[in-house]
Amino acid sequence: MQVEKEKTVSESRIPTIALRGMVIYPGTVMHFDAGREKSVAALNAAMSADKRLFVVSQRDGMKEDPELTDLYPMGTIVKVRQVGQMPDGVFRLLVDGLSRAIVVGAYELDGMIQAEICEVARQRMELTTEVRAWTRTARRLFDRYAATKENIGTELRQAVSGERDPGALADLIAANVLDDLDDREAVLECVDPQLRIQLMCDILTRELQVSNIEQEIQRRVHERIDHNNRDYFLREQLHVIEEELGENDDDIAQYESRLAASAISGEARERTEKELKRLARTQTGSPESTVMQNYVECMLDLPWGVYDEHPVDIAAARNVLESDHYGLEDVKKRILEFIAVRALKKDSHGPILCLVGAPGVGKTSIARSIARALKKKFCQVSLGGVHDEAELRGHRRTYVAAMPGRIISAIKQCGSMNPVFLFDEIDKMASDMRGDPASAMLEVLDPEQNSRFRDHFLEAPFDLSHVFFIATANDVSSIPKPLYDRMEIIEVPSYTQEEKLQIARLHLWKKQLTANGLNGKNLRMSQKALEKIIDGYTREAGVRALERTLAAICRKAAMEMLDTPEAERKTVTVRPEDVEHYLGAPQFSHSQTAKAPEAGVVNGLAWTSVGGEVMPIEVAVLPGDGKLELTGSLGDVMKESAHIAWSYVRAHAEDAGLTEEYRKKHDIHVHVPEGATPKDGPSAGIALACAMFSAVTGEKARQDIAMTGELSLRGKALPIGGVKEKLLAAYRAGMNTVLLPEENRKDLEKLPENVRSAMQIQTISDASEAIATVMPGRKTTHVKAVI
């Protein structure tokens, strides 16, 4: 059996109409509208001749005047069967597709498009078994596709079933099934009938897959709608049942009752009432109702108008502070002064207290004692590592799982409008692209602004002006300047050995006994043992390591107690000789004070965030070419101090016995031990000069002397900071003498009397005085009085 096969046979020029969004195939009858001037002109020309037109699809249907490049390369020669004019002047054509034709060129003549085309004529081809198989496959795919579409009629199904020509079958299906213009044009451009039916099978397979996905989507949508409708009808029925039982709107009634009894006022009340009305109208269980319910409950849970009003008793407050903390007399005095002012002036909006000190010196416990002394509730927010402003101000309710910020949440939890509120580690805040928490803190800590603090979740002002804010920090240099200016700094100093002893005896030991299930009847600690623990097992500004050490003793004693039969148990007293049994060998010693003098080594003093430290400085003279080598992780400022010290030594070369030839042939190596620890600051200048003098001259420096002070290029001893912490470090290290700049004499008043009496504190105004003291063989005429 044979079928016709198409081939190119002739070229001609013919009036042309560009179609928008449609393709006409040979062997099909279709109608379309022609309204553009060029299309009407082409129609008139065709009707005046043989009624033949060339119709070709344009790629962009929105283009009003297409050019050759805007047209697809293949169209169809049609014959006009019928023309009718519509009321709006548009002509409706009924055409019969005759044959395919390739566009060779297009010209605009006589106000119309004339295309030069090559007509593709049909010829006979063999209907092979493979072609028959493809034709059957196309019919089956069409039947499956038609079963999914309601708009495919019986006549089309019969026409597809009766068509035997594979090319005509592909054209028939494409004309009535395909929606995509590119797919339609691809079928038209496929001249070979066998390839065309194969292409049609591929397209039908894809369309079936898309149709199946559409059906699945529609099924899910219908199921969801049915489920929502079911929930809606069930809720409505439940609503009616609750009305009949008198149980409707129980939650709303409770909210309204709580709102009526609440002291909430102004904008906050208006917003709460508005949200409550919306909640009453909203369908129960919907996402919107959950958000509104959370908001209403949060607003009603806040302690609007709830104040802890207790008369301030300064004597009672003093007793509380004394019982909770040993020492810290200056700190207690300033806190009591602050409390006294607040007691006299109820609406006082004074500066915010900021307790600054090393870790473990009791800053947080002081804040708790203030709350106890004032008989107010206490709440705490840790700011360490906070880098998102929303953590303090809250999240807007547009976000999923939005909630108030830490400040409002803490106020709600403590249940009072005037608690003692602690911002812990305020110097540890960070900032990134999500905002700067320090900027949010400005509003909170500013007495002029915090009466109308706005949390993003509340979207209403909240009065924080009655809150007693306290902050803690280890290093004020990390606090932004605007925030620093809003706070009154109270320095909490490091503890002396005597203070640590009393704190351990009065507080820490009793606390650890209770924490480990012991008491004073089965475990005791002698004072000498406590002194040995403080001296040999801890080296810190505070008492945290001391508390951990005492806890370790209690744990080991508890284990030994349980290993002993109950009848044989006795009261255990920890004596100095027992300490090593519980804790092992001492971790620290003061053996450096007994060292013989040594050339090129002196003891400097450094301040750190955990208190003062003794900082040995070593200088060595080596053969070389006059270089100054600095090691030990020194910062830029400390490196500059070393260069200044070396310049001072060179300027006093005659005193040091330093010749120019000697300097050029030797290198100076300065090293500060513990090289992994970064070190910086100018206060080591005097110590560096003394160490260099000792190394260059070979004279031995005393090792029982520690010193601090910035050095000028002319040898002056300039004042430094952290005096108390540095002197306490020297005291803990067992130093006999400390050298201090003259201008720091005023800072000695803050030093405990027992520390001042335990060491000789000598003030100096020039580096030569320090050199003469450290190296006794040298003399100076500027020695100051010894304190």
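What counts as what
- Residues numbered from 1 in each chain as written.
- Predicted model: local features only at pLDDT ≥ 70, side-chain atom pairs only at ≥ 80, totals over all residues.
- Heavy atoms only, no water.
- Helix = DSSP H or I, 4+ residues; strand = E, 2+ residues; numbered from the N terminus.
- Rg over C-alpha atoms; globule rule 2.2 N^0.38 Å.
- Contact = heavy atoms within 4.5 Å.
- Core = buried A, V, L, I, M, F, W, Y, C linked by side-chain atoms within 4.5 Å.
- Buried < 20%, exposed > 50% of the residue type's maximum accessible area, 1.4 Å probe, protein only.
- Patch = residues over 30% accessible without salt bridge, like charges linked within 9 Å, V, L, I, M, F, W, Y side chains within 5 Å.
- Areas by Shrake-Rupley, 256 points an atom, 1.4 Å probe, with all protein chains shown as cover.
- Salt bridge = Lys/Arg side-chain N within 4 Å of Asp/Glu carboxyl O.
- Pairing = 2+ DSSP bridges.
- Axes fitted to C-alpha atoms, helices over the stretch in contact; angles between N-to-C directions.
- Expected span 1.5 Å × (residues − 1).
- Parallel < 35°, antiparallel > 145°, perpendicular 65-115°, else oblique.
- Left-handed = near helix turned anticlockwise from the far one by under 90°.
- Nonpolar A, V, L, I, M, F, W, Y, C, P; charged D, E, K, R; others polar.
- Phe/Tyr/Trp six-rings, centres within 6.5 Å; stacked < 30°, edge-to-face > 60°.
- Lys NZ or Arg CZ within 6 Å of the ring centre and 35° of its normal.
- pLDDT = per-residue confidence, 0-100.
- Polar contact = N/O pair within 3.5 Å; in protein donor to acceptor, adjacent residues only side chain to side chain.

### So, the overall build of the chain
For the chain, the helix and strand inventory stands at 27 helices and 26 strands. Against the compact-globule benchmark of 28 Å for 787 residues, the chain has a radius of gyration of 47 Å, which places it well outside the compact range. In terms of its C-alpha atoms, the chain occupies a principal-axis envelope of roughly 130 × 95 × 65 Å. Contacts spanning at least 24 positions in sequence make up 73% of the contacts within the chain whose residues lie at least 6 apart.

### Describing the nonpolar core
Among the nonpolar cores identified, the biggest contains 53 residues, and I470, M525, I533 and L550 are the most heavily contacted of them. By residue number, the principal contributor to this core is helix α19 (residues 544–563), which donates seven residues. Excluding its chain neighbours within four sequence positions, the residues that come into contact with M525 are W509, L530, I533, L550, I553 and V574. Counting 52 residues, the second largest nonpolar core, distinct from the first, contains L276, I352, A471 and L483.

### A look at a nonpolar patch on the surface
A contiguous nonpolar patch, built from I213, I217, V221 and I225 and spanning about 340 Å² of accessible area, is present on the exposed surface. With respect to the helices and strands, the residue I217 is situated in helix α6 (residues 193–245).

### Overview of the pairing of strand β19 (residues 628–631)
What you see with β19 is a clean split: L628 and L630 sit on the buried side and E629 and T631 on the side with no burial. The pairing of β19 with strand β20 (residues 666–671) spans four bridges and is parallel. Paired with L630 across the two strands is V670, which belongs to β20.

### Section: the sheet that holds strand β12 (residues 468–473)
Pairing within the open sheet is parallel, and its five strands lie in the order β8-β9-β12-β7-β13. Two strands lie at the open edges of the sheet, namely β8 (378–382) and β13 (487–491), each paired on one side alone. Mean inter-strand twist for the sheet, computed between neighbouring axes without regard to direction, equals 25°. Bridge analysis of β8 against strand β9 (residues 420–424) gives five bridges, and the strand direction is parallel. When the bridges of β9 are listed, C379 appears paired with F421.

### Quick look at helix α12 (residues 363–374)
Taking 1.5 Å as the rise per residue, α12 with 12 residues should run 16 Å; its terminal C-alpha atoms sit 17 Å apart, in good agreement. When α12 is considered as a whole, its buried residues turn out to be K363, I366, A367, S369, I370, A371, A373 and L374. In the core, the buried residues of α12 are packed alongside α10 (314–324), α11 (329–344), β7 (352–356), β8, β9 and β12. Looking at the residues trailing α12, positive phi occurs at K375, about 60°.

### With respect to the packing of α10 against α12
Packed helix pairs are specified by the crossing angle of their axes together with the interaxial distance, meaning the distance between the axes. Between α10 and α12, the shortest axis-to-axis distance is 8 Å and the interhelical angle comes to 150°. Taken as axis vectors, α10 and α12 run roughly antiparallel relative to one another. Crossing of α10 over α12 shows right-handed handedness. Side by side, α10 and α12 meet where A317, V320, L321, S323 and D324 of the first sit next to S369, R372 and A373 of the second. Of the residues assigned to the contact of α10 with α12, the class counts are four nonpolar, two polar and two charged.

### Observations regarding the side chain of T272
For T272, the position within the fold is in helix α8 (residues 266–281). T272 has contacts with L259, I264, Y295, V296, M299 and L300, leaving out every residue within four places of it along the chain.

### Let's talk about the packing of aromatic side chains
The tally for this structure, following the rule as stated, stands at seven aromatic pairs. Plain terms: the ring middles of Y295 and F457 are 6.0 Å apart, the flat faces sit at 50° to each other, and that makes the pair tilted. One end of the pair, Y295, is in helix α9 (residues 287–301); the other, F457, is in the loop between β10 (453–454) and β11 (461–462), and 162 residues separate them in sequence. Both residues of the pair, Y295 and F457, belong to the buried class. Taking 4.9 Å as the distance between ring centres and 35° as the angle between the ring planes, the aromatic pair formed by F421 and F423 counts as tilted. For the residue pair F421 and F423, the accessibility class agrees, reading buried in each case. Sitting over the face of the ring of Y295, R397 holds its NZ or CZ atom 4.0 Å from the ring centroid.

### Let's talk about the confidence of the model for the chain
For the chain, the mean per-residue pLDDT works out to 83, and 91% of the residues sit at or above 70. Mean pLDDT across the elements of the chain bottoms out in strand β1 (residues 2–19) (68) and peaks in strand β23 (residues 710–711) (94). Within the model, the stretch residues 780–787 combines pLDDT values under 50 with 25 contacts to residues more than four positions away or in other chains.

### Things to note about unusual backbone geometry
One non-glycine residue, K51, lies in the positive phi region at around 65°. Along the chain, K51 falls in the loop between α1 (37–48) and β3 (52–57). The phi dihedral of K375 is positive, around 60°, even though this residue is not glycine. Structurally, K375 can be placed in the loop between α12 and β8. Residue K375 is classed as exposed on the basis of its relative accessible area of 53%.

### Quick word on the environment of Y537
Its place among the elements puts Y537 in helix α18 (residues 527–537). Remark: the alpha-carbon pair of Y537 and G84, spanning 453 residues in sequence, is separated by 110 Å. Aside from chain neighbours lying at most four places away, what touches Y537 is K532, T549, V579, E580, L583, G584, A585, P586, Q587 and F588.

### Quick notes on α1
Compared with an ideal rise of 1.5 Å per residue, which puts 12 residues at 16 Å, α1 spans 17 Å between its outermost C-alpha atoms and is within 8% of the ideal. Every buried residue of α1 is listed here: S39, V40, A41, A42, L43 and A46.

### Examining the pattern of salt bridges
A pair can form between side chains of opposite charge whenever their charged atoms are brought close. Taken as a whole and assessed by the stated rule, the structure comprises 39 salt bridges. We note a salt bridge from R702 to D704, for which the minimum N-O separation is 3.1 Å. Assessed through its relative accessible area of 26%, R702 is described here as partly exposed. E753 is the partner of R756 in a salt bridge, and the nearest nitrogen-oxygen pair spans 3.1 Å. Of the two residues, R756 and E753 both sit in helix α26 (residues 753–758), three residues apart, roughly one turn of that helix.

### Some remarks on the packing of helix α3 (residues 154–162) against helix α4 (residues 166–177)
The geometry of α3 relative to α4 is characterised by a closest axis approach of 9 Å and an angle of 160° between their N-to-C directions. Relative to α4, α3 is oriented roughly antiparallel. As for how α3 packs across α4, the hand of that crossing is left-handed. For the pair formed by α3 and α4, the contact residues are L156, A159 and V160 on the first element and L169, L172, I173 and N176 on the second. Of the residues in the contact of α3 with α4, the class split is six nonpolar, one polar and no charged.

### Let's talk about the environment of I352
Considering the arrangement of structural elements, one finds I352 in strand β7. Considered as a pair, I352 and I470 are 118 residues apart in the sequence and their alpha carbons are 6.1 Å apart.

### Brief notes about the side chain of D165
Structurally, the position occupied by D165 is in the loop between α3 and α4. Separated by 3.0 Å, the side chain of D165 and the backbone nitrogen of G167 make a polar contact.

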